[in-house]
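Notes for the structure review
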Amino acid sequence: MSFRRIDIDQYDEDAYTEDEILSEFESGLTPDQAEAASQTRSTDVRNLLTKGDMNGALLRALEDPPYGRNMDQAKSVSTHTVLDTLNVFRANDIATAIKSLGPDQRDLLMKYLYAGMAKPEQYNSGLTEVAGTGCIVRVMSDKRTVF
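Residues numbered from 1 in each chain as written. Predicted model: local features only at pLDDT ≥ 70, side-chain atom pairs only at ≥ 80, totals over all residues. Heavy atoms only, no water.

Per an unreviewed UniProt entry, the chain is named Actin-related protein 2/3 complex subunit 5, and its organism is Syncephalastrum racemosum. The record held by UniProt for the chain lists under Subcellular location (unreviewed entry) the comment "Cytoplasm, Cytoskeleton". Heading Sequence similarities (unreviewed entry) of the UniProt record for the chain holds this comment: "Belongs to the ARPC5 family." (UniProt positions renumbered as here; feature names shortened; annotations may be inferred.)

1. Considering a nonpolar patch on the surface
Where nonpolar side chains cluster on the molecular surface, the patch consists of Ile 6, Ile 8 and Tyr 11 and spans about 390 Å² of accessible area. By the secondary structure assignment, Tyr 11 is in the segment before helix H1 (18-23). (Patch = residues over 30% accessible without salt bridge, like charges linked within 9 Å, V, L, I, M, F, W, Y side chains within 5 Å. Areas by Shrake-Rupley, 256 points an atom, 1.4 Å probe, with all protein chains shown as cover. Salt bridge = Lys/Arg side-chain N within 4 Å of Asp/Glu carboxyl O. Helix = DSSP H or I, 4+ residues; strand = E, 2+ residues; numbered from the N terminus.)

2. Overview of the packing of helix H2 (residues 31-50) against helix H4 (residues 72-88)
Two numbers describe how H2 lies on H4: the axes approach to 8 Å, and their chain directions differ by 15 degrees. The orientation of H2 with respect to H4, classified from their angle, is roughly parallel. In the crossing of H2 with H4, the sense of the turn from one axis to the other is left-handed. Counting all contacts with H2, which are made through Ala 34, Glu 35, Ser 38, Gln 39, Arg 41, Ser 42, Val 45 and Leu 49, the residues of H4 involved are Gln 73, Ala 74, Val 77, Ser 78, Thr 81, Thr 85 and Val 88. Split into classes, the residues belonging to the contact of H2 with H4 amount to six nonpolar, seven polar and two charged. (Axes fitted to C-alpha atoms, helices over the stretch in contact; angles between N-to-C directions. Parallel < 35°, antiparallel > 145°, perpendicular 65-115°, else oblique. Left-handed = near helix turned anticlockwise from the far one by under 90°. Contact = heavy atoms within 4.5 Å. Nonpolar A, V, L, I, M, F, W, Y, C, P; charged D, E, K, R; others polar.)

3. Brief notes about the environment of Glu 63
Tracing the backbone shows Glu 63 in the loop between helix H3 (54-61) and H4. Here Glu 63 falls in the partly exposed class, since its relative accessible area comes to 35%. Sequence spacing of Glu 63 and Ser 78 is 15 residues, and the spatial spacing of their C-alpha atoms is 9.5 Å. (Buried < 20%, exposed > 50% of the residue type's maximum accessible area, 1.4 Å probe, protein only.)

4. Remarks on H2
End to end, H2 covers 29 Å across 20 residues, agreeing with the expected 28 Å (1.5 Å per residue, within 8%). What H2 keeps buried is the set Ala 34, Ser 38, Arg 41, Ser 42 and Val 45. What you see down the axis of H2 is that its buried residues fit within an arc of 105 degrees, all on one side. Of the exposed residues in H2, those oriented more than 90 degrees away from the buried face are Asp 32 and Thr 50. Where H2 is buried, its residues touch H3 and H4. Residue Gly 52 follows H2 closely and has a positive phi angle near 90 degrees. (Expected span 1.5 Å × (residues − 1). Arc of directions from axis to C-beta.)

5. Quick look at the nonpolar core
In globular proteins that are soluble, nonpolar side chains generally tend to be buried together. Grouped together as the largest cluster of nonpolar side chains are 14 residues, with contacts concentrated most on Leu 58, Leu 62, Val 82, Leu 86, Leu 101, Leu 109 and Tyr 112. Sorting the residues of this core by element identifies H3, H4 and helix H6 (103-118) as the ones contributing at least two each. Here Leu 58 is in contact with Thr 85, Leu 86, Phe 89, Ala 97, Leu 101 and Leu 109, once residues within four sequence places are set aside. (Core = buried A, V, L, I, M, F, W, Y, C linked by side-chain atoms within 4.5 Å.)

6. Brief notes about the layout of surface pockets
Its boundaries defined by the atoms lining it, the largest pocket holds a volume of some 390 Å³. If you trace the largest pocket, you find 14 residues lining it, with Pro 66, Lys 75, Thr 79, Tyr 112 and Ala 115 closest to the centre. Classifying every residue of the lining of the largest pocket by side-chain character gives seven nonpolar, three polar and four charged. (1 Å grid on protein atoms, 1.4 Å probe; cavity = no way out; pocket = protein on both sides within 12 Å on 5 of 7 lines; lining within 4 Å. Points joined across faces, edges and corners; volume = space filled by probe spheres on them.)

7. Comments concerning the pattern of salt bridges
Under the definition given, this model contains three salt bridges. Linking Arg 60 and Asp 44 is a salt bridge whose minimum nitrogen-to-oxygen distance equals 2.8 Å. Taken as a pair, Arg 60 in helix H3 and Asp 44 in helix H2 lie far apart in primary sequence, 16 residues in all. We classify Asp 44 as partly exposed; its relative accessible area is 27%. Note that Arg 90 is salt-bridged to Asp 93, the shortest N-O span being 3.0 Å. Under the relative-accessibility criterion, Asp 93 is labelled partly exposed at 22%. In this structure, a network of salt bridges that share partners links the residues Asp 44, Arg 60 and Glu 63.

What follows is the structure, given as structure tokens:
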């Protein structure tokens, strides 16, 4: 059964490695620089929240997300910053804040929301803690809607 040990992707010219896929998204920052930038952004967001500028805080939290490999700490800090910012909003104000975002910022916000749901032990998301992360994929691919 040695044929099962052959990596057939090596013969597929359309198969991309993780390095090839992620290289175009990397910012050129080292993981330490990205973490420092995330910490600075987090501090700026807290300062804006202290001043009562929730929309400005959300915009700042969504700036320059840390893409790339080995950026786990920077990604964690950024995710915490965005989710903590959203927790400050009253339920009635969230829709207005989201309407003020551009399409790319809305997509990025959704990425952070899913990142938070994917790690319920870290970001306090009770639904995925009970239902698992598969519920996210099932909901996204289900053609039936509730609204």
